[in-house]
Amino acid sequence: MLQVKTASIALRATARNVTASRILAASMSTVTEVKKITVIGSGLMGAGVVQVAAQSGYHVNMVDLKEDFLAKGEKIITSSLKRVAKKKYADDAAGSQKFIDDVMSRITLSTNSEKAAAESQLVIEAIVENLKTKQALFKALDAAAPQETIFVSNTSSLPIGDIASATSRLDRFAGLHFFNPVPQMKLVEIIRTAETSEDVFHTLATVTKKMGKVPVACKDTPGFIVNRLLVPYMMESLRLVERGDASMQDVDVAMKLGAGYPMGPFELMDYVGLDTIKFITEGWYKSGKGLVGDKLIAPSPLLERLVAEGNFGRKSGKGFYSYEGVGADKGKK
Ligand code: CAA
Ligand code: NAD
C-alpha cells in the first residue's frame, strides 16, 4: 500500500480548526493514502458516513446484511443529497441531478463485508451497538483484509480496545466517532488506544478533514468527549422531570432559549434514540471505566418505561414526542 510522507499540512488558522491544525500539523508524519473506503452498516450513521465520504470524492463500498437494508440506506442518502443539492444548485435542476448522480456513482452496494474490506484502505464500522457482534465482524474482516488496512469503529459507548482485541492489528485500529446527522454535524472524534499508531491517527485526521469535518482527539475512555458530557446532561433532564420540578416541554424550551442549544434534551434524546441512551447508560453503569454505579447515569424509570413500550423516539414515530414522516426526515407533530 502506498505510504505518503507529509510535511506539516497547512491549514487556515481559524479558531474553528485550531484543533484540526494541531492534529494535522505534526511535522513529517506518515499517512496512508486512502482511495477506497468500506462502511459496514447502512443505517442512520453508516448511510451518513457513506454520503460524506462519497461527496468528498472517495469511492465507497456500503455494506449491510441484506439488500433491503442497503435499499433503505440508499434512500437515506438520496433524500439527504437532495437537501444538499437544493441549497447548492437552487435554480439549476440539471446541475442538481448531476451532483446527485456523481456522488451516487462513487457508491457500490454490497452484502459481502469481507470482499469489500479486502479492497479498501479504510474500513469504518457502523453496525449495531453490541460488543460481541462488532468483535465477530472485525475478526472475520481481520482475516480477509490486507494487514495495512485501517479498521475503525463508530461506536457511541463501547471501549475501542475491547473491539480491537478481536483483531491482530491493534496498531491499525482506532475509534472514529461521527455525529447525527452526519452530513450536518461538523465534528468527528478520533479515539486512540495505547496501541493506535501515529500513521493511523494522522491518516484519520487527513481523511476526516477531506470530508469537511473537524477532528478532535480523545483517549479510549467512556463516552469520549461529547457523550461523556451529553449523556449525563440528558439523564439529569430526565430526573428533573421525574421529580416534577418542570415539564419536559419547558425543559426543552429552557435549554434552547436559555443555553442556545439547537434542540432541548428531550428532543435530542428522541433524535438519538431512547433505546440507544438506555443501552449506553446501562453499559457504563455496569462496567464503564470509572463510572460503575455512578448516580449520574443510574436507570431512569421514565426512560425505562418508554423503551419497554417500544417508543424509541423519531425512528419509531414516538418517544417523548410524536413524529410523522419517514426515517431521519420525520418531523415533530
Ligand atoms: N442531510 C443533509 N442536511 C441536513 C440533514 C441531513 N440529514 N439534516 C439537517 N440538515 C441541514 C438542513 O438542510 C439545514 O441546512 P441549512 O441551514 O443550510 O438550510 C440545516 O441542516 C438545519 O436543518 P433544519 O432546518 O431541517 O432543522 P434544524 O435547524 O432544526 O436543524 C439539526 C436540525 C441540524 C439536527 C439541529 O437541530 C441540531 O444540530 N440538533 C442537535 C443535533 C445533535 O446534537 N447531534 C448529536 C447527537 S449525539 C450523537 O450523535 C453521538 C452519539 O453517539 C449518540
Ligand atoms: P442503525 O440500527 O440505524 O444501523 C445499523 C445497521 O447495521 C443496520 O442497517 C443493520 O442491518 C446493520 N448491521 C448490523 N449487523 C451487521 C453486520 N454484521 N454486518 C453488516 N451490517 C450489519 O444504527 P445507527 O444508529 O446507525 O448506529 C450504528 C453505530 O453508530 C452504533 O455503534 C451506534 O452506537 C453508533 N452511533 C450512533 C449514533 C446515533 O445517534 N444513532 C451517533 C453516533 C454513533
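For the protein, an unreviewed UniProt entry supplies the name 3-hydroxyacyl-CoA dehydrogenase and the organism Powellomyces hirtus. Quoted straight from UniProt, the Pathway (unreviewed entry) entry for the protein says "Lipid metabolism; fatty acid beta-oxidation." Note on the protein: under the UniProt heading Catalytic activity (unreviewed entry), the record states "a (3S)-3-hydroxyacyl-CoA + NAD(+) = a 3-oxoacyl-CoA + NADH + H(+)".

On to the UniProt feature "binding site: NAD(+)" (unreviewed entry) in the protein. UniProt feature "binding site: NAD(+)" (unreviewed entry): in the numbering of this structure it lies at Gly41, Ser42, Gly43, Leu44, Met45, Gly46, Asp64, Glu129, Lys134, Ser156, Asn180 and Lys315. Its place among the elements puts glycine 46 in helix α2 (residues 44–55). You can call glycine 46 buried: its relative accessible area is 0%. As for its placement among the helices and strands, asparagine 180 is situated in the loop between β8 (173–177) and β9 (187–192). Asparagine 180 has contacts with Leu44, Met45, Met185, Tyr271 and Val272, leaving out every residue within four places of it along the chain.

Attention now moves to the UniProt feature "site: Important for catalytic activity" (unreviewed entry) in the protein. Listed under "site: Important for catalytic activity" (unreviewed entry) in the UniProt record, and renumbered for this structure, are His177. By secondary structure assignment, the location of histidine 177 is in strand β8. If we skip the residues at most four places from it in the chain, histidine 177 touches Asn154, Thr155, Ser156, Leu187, Val188, Glu189, Ile191, Phe224 and Asn227.

So, on to unusual backbone geometry. Proline 181 follows asparagine 180 through a cis peptide bond whose omega is 5°. Here proline 181 is to be found in the loop between β8 and β9. Here phenylalanine 224, not a glycine, exhibits a phi torsion of approximately 55°, which is positive. Within the secondary structure layout, phenylalanine 224 lies in the loop between β10 (214–219) and α9 (226–242). Look at phenylalanine 224 and you get buried, because its relative accessible area is 4%.

Now for the site of ligand 1. The environment of ligand 1 is made up of 18 residues, and the closest members are Ser80, Ser156, His177, Asn180 and Asn227. Asparagine 180 places a main-chain nitrogen or oxygen 2.8 Å from a nitrogen atom of ligand 1. Taking glutamine 184, its side chain carries an N or O atom lying 3.1 Å from an oxygen atom of ligand 1. For ligand 1, whose accessible area on its own is 1000 Å², the fraction buried by protein is 67%. Only α3 (67–88), α9 and α11 (265–272) provide two or more residues apiece to the shell around ligand 1. Taken together, the residues that form the shell around ligand 1 break down as ten nonpolar, six polar and two charged. Lining the shell around ligand 1 are residues from two domains, each supplying at least three of them: domain 1 (36–219) and domain 2 (227–316).

Cut-offs applied
- Residues numbered from 1 in each chain as written.
- Chains lettered and ligands numbered in written order.
- Predicted model: local features only at pLDDT ≥ 70, side-chain atom pairs only at ≥ 80, totals over all residues.
- Heavy atoms only, no water.
- UniProt positions renumbered as here; feature names shortened; annotations may be inferred.
- Helix = DSSP H or I, 4+ residues; strand = E, 2+ residues; numbered from the N terminus.
- Buried < 20%, exposed > 50% of the residue type's maximum accessible area, 1.4 Å probe, protein only.
- Contact = heavy atoms within 4.5 Å.
- Near = heavy atom within 4 Å.
- Polar contact = N/O pair within 3.5 Å; in protein donor to acceptor, adjacent residues only side chain to side chain.
- Areas by Shrake-Rupley, 256 points an atom, 1.4 Å probe, with all protein chains shown as cover.
- Nonpolar A, V, L, I, M, F, W, Y, C, P; charged D, E, K, R; others polar.
- Domains from an automatic or database assignment.

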